[in-house]
Amino acid sequence: FNHHEYYRYLNCGYKLPLVGGTDKMSSDVPVGIYRTYAKIGVGQEFTYDTWCKAVTAGRTVHSGGPMLTFSVDGHEIGDTVALPGNGGTVEVAAETECIFPTHCLQVVQEGKVVAEASEPTGARKLNLKAKVKVEGHSWLAARVAGPRYESIPHYDGWGRGIFAHTSPVYIACGGEWWMFDQETATYMLTLVDGCVEYIRNASRLHTEETVTHHHGEPDHQEYLERPFLEAREAIHKRMHQLRVPH
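All values reported here derive from a predicted model rather than from experimental measurement.

Enquirer: Help me understand the pairing of strand β12 (residues 169-173), please; the structure alone is not making it clear to me.
Expert: The side chains of a regular strand alternate, residue by residue, between the two faces of the sheet. Extensive coverage of β12 is indicated by the burial of 5 of its 5 residues. The alternating pattern of β12 places Val-169, Ile-171 and Cys-173 and Tyr-170 and Ala-172 on opposite faces, both of which are buried. Alignment of strand β5 (residues 80-83) against β12, held across 4 bridges, turns out to be parallel. Bridge assignment links Thr-80 to a residue of β12, and that residue is Tyr-170.

This is the structure we're talking about:
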């Protein structure tokens, strides 16, 4: 798996719930081979609105088969755990169950494996409990897959992997959760600038008299550029904030 892209945005301080679904490119890919589970609050009715609120709160697990639970000091996926400014130690607990045998259950901290339970021959259930040291603002998540966290392929034409991954539990030390990575922010600006350049100089545009845009704005190019320009401004603001992580 290549989770580097997801991890780098988390490490740059963006709280991003993990959400995904089936990319059904042909009839031999079953609908729901990948799906998102969202935990709705106790006593809440199961509706589309409550599901969306659970996703927004980051209480999600993305799965290609396994069921996966995760907690940090008893806090659920999507929560923020408060520690003193100098950090401390937290207890992580993860459990997975699947109709397919899985081999490797891991807890990752800022993208690095810090706890693991494994079964070389594969097992329908895996669980782990461990102590993890936290020295500053951080995040933790759980993931499960095959040996050495290499995916076991589904029996579909694309050989898609059997795995699951939780959204993070965030760890705030001595104040509001805050993380930042200069390299990732610069990379994001490069992506934004590339998109703006494409819109302005490489995209195919219809002439005004041949298309009616449903957004109702007179300048379609300005409409397309706006979210990228807003993103650029937001990234610059984060890059120039005087506040730094403890």
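Enquirer: Explain the side chain of Asp-79 here, please?
Expert: For Asp-79, the location among the structural elements is in the loop between β4 (75-76) and β5. Note on Asp-79: relative accessible area 18%, which makes it buried. For Asp-79, the side chain forms a polar contact with the side chain of Arg-59, separated by 2.9 Å. A polar side-chain atom of Asp-79 sits 2.9 Å from the main-chain amide nitrogen of Glu-76. With sequence-adjacent residues up to four places away left out, Asp-79 is seen in contact with Arg-59, Val-169 and Tyr-170.

Enquirer: How should I be thinking about the side chain of Arg-8 in this particular structure?
Expert: Position of Arg-8 relative to the elements: it lies in helix α1 (residues 4-11). Beyond its immediate chain neighbours, meaning those up to four positions away, Arg-8 contacts Thr-184 and Tyr-187.

Enquirer: Which parts of the structure should I look at to understand the nonpolar core?
Expert: As a rule of thumb, soluble globular proteins bury nonpolar side chains together. In this structure, Phe-70, Val-72, Val-92, Leu-128, Leu-140 and Ile-171 are the most contacted members of the largest nonpolar core, which totals 26 residues. For this core, the elements supplying multiple residues, two or more each, are β3 (67-72), β5, β6 (88-109), β7 (112-134), β8 (138-145) and β12. In terms of residue count, β7 provides more of this core than any other element does, 7 residues in total. Apart from residues no more than four positions distant in its own chain, Val-92 is found in contact with Phe-70, Ser-71, Val-72, Val-107, Leu-128, Lys-129, Ala-130, Val-132 and Leu-140. One finds Tyr-6, Trp-139, Ala-141 and Tyr-170 within the second-largest nonpolar core, a separate group that totals 11 residues.

About the cut-offs
Residues numbered from 1 in each chain as written. Predicted model: local features only at pLDDT ≥ 70, side-chain atom pairs only at ≥ 80, totals over all residues. Heavy atoms only, no water. Buried < 20%, exposed > 50% of the residue type's maximum accessible area, 1.4 Å probe, protein only. Helix = DSSP H or I, 4+ residues; strand = E, 2+ residues; numbered from the N terminus. Pairing = 2+ DSSP bridges. Polar contact = N/O pair within 3.5 Å; in protein donor to acceptor, adjacent residues only side chain to side chain. Contact = heavy atoms within 4.5 Å. Core = buried A, V, L, I, M, F, W, Y, C linked by side-chain atoms within 4.5 Å.

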